[in-house]
Amino acid sequence: MKNRSSRESRNSIGGITGRNRKWARLFSVMMLMIFLCGCGKNAEASKDFSTEPVTEYGAELTMGSDAEAETETEIGTETETESETETEEVAGKQSEKDAAKQTETPTEAEAGETAQVAEVVAEPEPAPSKQWVVCIDPGHGGEGDRNHGVEREYNGAMVMEKTLTLAIAEKIKAYLEADPNITVLITRTGDYAVGIQDRVSYAQANNADLFVSIHINSSSTGNPDDHGCLAIVTQSHFQASGAKSSDVYGDSEALARNILNGLNGLGIPYTSDFMADANNGFLRRASESGATYPDGSAADYYGIISNATKAGIPACIVEHAFLSNESDYINFLSDDGKLDTLARADAAAIQNYINSR
């Protein structure tokens, strides 16, 4: 019994030792480290603060370090908490923005675009261009020497002014009518006589803004060398009541100037007849009978100009070239193509005048 008891006792001790050997070693190591650490602190305290108890300063230092560490931890915790709160607020705002974007319906976006289109459409449109009425007057027409106008024989055929003026006038009319802002009147469309007063009355009755009378010249002295062009305009500053222009004198000159410039561009110079070349291509001639305008100023010599001025319509008579000069006839009047060139120049000049207003 004794031997068995002793053996069991040893086995029991051995079993305990075996199971707890690792914990025993770990406990021994921990105790050794605590001891060494305590010695180190006591030694440091003894070296630096030999007048104070090592244990009290160590405890005091330990408490201070722990308090500061706790305070710093609390501050860090508060900072982290604030940071998290700010982050959550930013995230919340961003989520609200995203939600707002997502809640915007296509209908609202389309409504915005429709409003923009409506604003564009609502802008005032530019005022329409003025509608101009231009009266083109083919000089002469009908039977009789005066109604024939100038006439000369070339290559065995009689060439008459009335025929040339009608051809040029009809071409001018066609060119001007290509402009939707211009309405064109023509005082005759065939070979028949029309009175001078009737021509202007027709223009006035149809609210004409301009009056251009088409003519071909002949030397006033019989000199076959006279050639070139000129324009007859009013020499009076009379301004009729209800005139189509605020300055009939000035606008008549401006209209004629544009036409003369166009003819110069074709190589037709100002004529020396009536000294037009000394007056920039203009011929102004007062009545020789003593006739006057209502303001008492001298009336114009030429019936077309006098009647147009009384009606308050800017007007001019254009003498394109000299039928009495063979060179002018050949270069500018001898075929339909040359007449078309004259008409194009006249139409362009009238449009230039209109565009400048």
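Residues numbered from 1 in each chain as written. Predicted model: local features only at pLDDT ≥ 70, side-chain atom pairs only at ≥ 80, totals over all residues. Heavy atoms only, no water.

Q: Give a description of the layout of surface pockets that names residues and reports values.
A: Considering only enclosed or pocket space, the largest pocket measures out at about 720 Å³ in volume. As for the largest pocket, its lining consists of 31 residues, of which His-140, Arg-146, His-215, Tyr-302 and Glu-319 are closest to the centre. Looking at the lining of the largest pocket, the elements with two or more residues in it are helix 4 (145–148), helix 6 (196–205), strand 5 (210–217), strand 6 (230–232), helix 8 (303–311) and strand 8 (315–322). Residue composition of the lining of the largest pocket, grouped by class: 12 nonpolar, 11 polar and eight charged. (1 Å grid on protein atoms, 1.4 Å probe; cavity = no way out; pocket = protein on both sides within 12 Å on 5 of 7 lines; lining within 4 Å. Points joined across faces, edges and corners; volume = space filled by probe spheres on them. Helix = DSSP H or I, 4+ residues; strand = E, 2+ residues; numbered from the N terminus. Nonpolar A, V, L, I, M, F, W, Y, C, P; charged D, E, K, R; others polar.)

Q: Hey, could you go over helix 8 for me, with residue numbers and the actual values?
A: Extensive coverage of helix 8 is indicated by the burial of seven of its nine residues. Regarding helix 8, the residues found buried are Ile-304, Ile-305, Ser-306, Asn-307, Ala-308, Thr-309 and Ala-311. Downstream of helix 8 by one or two residues, Gly-312 has phi in the positive range, about 75 degrees. (Buried < 20%, exposed > 50% of the residue type's maximum accessible area, 1.4 Å probe, protein only.)

Q: Break down the confidence of the model for the protein for me, with residues and values.
A: For the protein, mean pLDDT is 80; residues scoring 70 or higher make up 64% of the total. Of the regions scoring below 50 in pLDDT, residues 1–17 engages in zero contacts with residues more than four places distant in sequence or in other chains. Here residues 39–93 is modelled with pLDDT under 50, and outside its nearest four sequence neighbours on either side it reaches eight contacts, counting other chains as well. (pLDDT = per-residue confidence, 0-100. Contact = heavy atoms within 4.5 Å.)

Q: Give me the lowdown on the packing of aromatic side chains, citing residues and values where you can.
A: Evaluated as defined, the whole model comprises four aromatic pairs. A centroid spacing of 6.3 Å and a plane angle of 80 degrees characterise the contact between Trp-132 and Tyr-353, whose relative ring orientation is edge-to-face. Linking Trp-132 in strand 1 (residues 132–138) with Tyr-353 in helix 10 (residues 336–355), this pair joins segments that are 221 residues apart in sequence. A relative accessible area of 10% places Trp-132 in the buried class. For the pair Tyr-301 and Tyr-302, a centre-to-centre distance of 4.9 Å together with 85 degrees between the ring planes defines the contact as edge-to-face. The residue whose ring lies beneath Lys-130 is Trp-132, and the NZ or CZ to ring-centre distance is 4.0 Å. Residue placement shows Arg-284 over the ring face of Phe-282; its charged tip is 5.1 Å from the ring centre. (Phe/Tyr/Trp six-rings, centres within 6.5 Å; stacked < 30°, edge-to-face > 60°. Lys NZ or Arg CZ within 6 Å of the ring centre and 35° of its normal.)

Q: So, the side chain of Asp-209: which residues are in play, and what are the values?
A: On the secondary structure map, Asp-209 appears in the loop between helix 6 and strand 5. Side-chain polar atoms of Asp-209 contact the side chain of Lys-244, separated by 3.3 Å. Contact partners of Asp-209, with chain neighbours within four places excluded, come to Lys-130, Gln-131, Trp-132, Val-133, Lys-244, Ile-313 and Pro-314. (Polar contact = N/O pair within 3.5 Å; in protein donor to acceptor, adjacent residues only side chain to side chain.)

Q: Hey, could you go over helix 9 (residues 326–333) for me, with residue numbers and the actual values?
A: Listed as buried for helix 9 are Asp-328, Tyr-329, Phe-332 and Leu-333. All buried residues of helix 9 lie within an arc of 105 degrees about the axis, which places them on one face of the element. Of the surrounding secondary structure, the elements contacted by the buried residues of helix 9 are strand 2 (151–154), strand 3 (157–160), helix 5 (161–176), strand 5, strand 8 and helix 10. Backbone nitrogen of Ser-327 and a side-chain oxygen of the N-cap are separated by 3.0 Å at the start of helix 9; the cap is Asn-325. (Arc of directions from axis to C-beta.)

Q: Run through the packing of helix 5 against helix 10, naming residues and quoting values.
A: Running from N to C, helix 5 and helix 10 point in directions that differ by 50 degrees, and their axes come no closer than 8 Å. The orientation of helix 5 with respect to helix 10, classified from their angle, is oblique. For the crossing formed where helix 5 meets helix 10, the hand is right-handed. In this structure, helix 5 contributes Leu-164, Ala-167, Ile-168, Lys-171, Ile-172, Tyr-175 and Leu-176 to the contact, and helix 10 contributes Asp-336, Leu-339, Asp-340, Leu-342, Ala-343, Arg-344, Asp-346, Ala-347, Ile-350 and Gln-351. For the contact of helix 5 with helix 10, a count of residues per class yields 11 nonpolar, one polar and five charged. (Axes fitted to C-alpha atoms, helices over the stretch in contact; angles between N-to-C directions. Parallel < 35°, antiparallel > 145°, perpendicular 65-115°, else oblique. Left-handed = near helix turned anticlockwise from the far one by under 90°.)

Q: Describe the pattern of salt bridges, with residues and values.
A: Across all of its chains, the model carries 12 salt bridges by this definition. Note that Glu-177 and Lys-173 form a salt bridge whose closest N and O atoms lie 2.6 Å from each other. Overall, Lys-173 belongs to the partly exposed group, its relative accessible area being 23%. For Lys-338, the salt bridge identified is with Asp-335, shortest N-O distance 3.0 Å. (Salt bridge = Lys/Arg side-chain N within 4 Å of Asp/Glu carboxyl O.)

Q: Can you break down unusual backbone geometry residue by residue, with the values?
A: In this model, Asn-155 sits at a positive phi of 55 degrees, which is unusual for a non-glycine residue. One can find Asn-155 in the loop between strand 2 and strand 3. The backbone of Met-275 sits at a positive phi, close to 60 degrees, despite the residue not being glycine. Secondary-structure assignment places Met-275 in the loop between helix 7 (248–265) and strand 7 (282–283). Here Met-275 falls in the exposed class, since its relative accessible area comes to 57%.

Q: Residue-level account of the sheet that holds strand 6, with values.
A: Read from one edge to the other, the open sheet built from six strands follows the order 4-1-5-8-6-7, with strand pairing classed as mixed. The open sheet has two free edges, formed respectively by strand 4 (182–186) and strand 7, since each of these has just one partner strand. The pairing of strand 5 with strand 8 spans six bridges and is classified as parallel. Residue Ile-214 lies in a different strand from strand 8, and its bridge partner there is Val-318. Contacting strand 5 and strand 8, helix 9 crosses the sheet at an angle of about 105 degrees to strand 8. (Pairing = 2+ DSSP bridges.)

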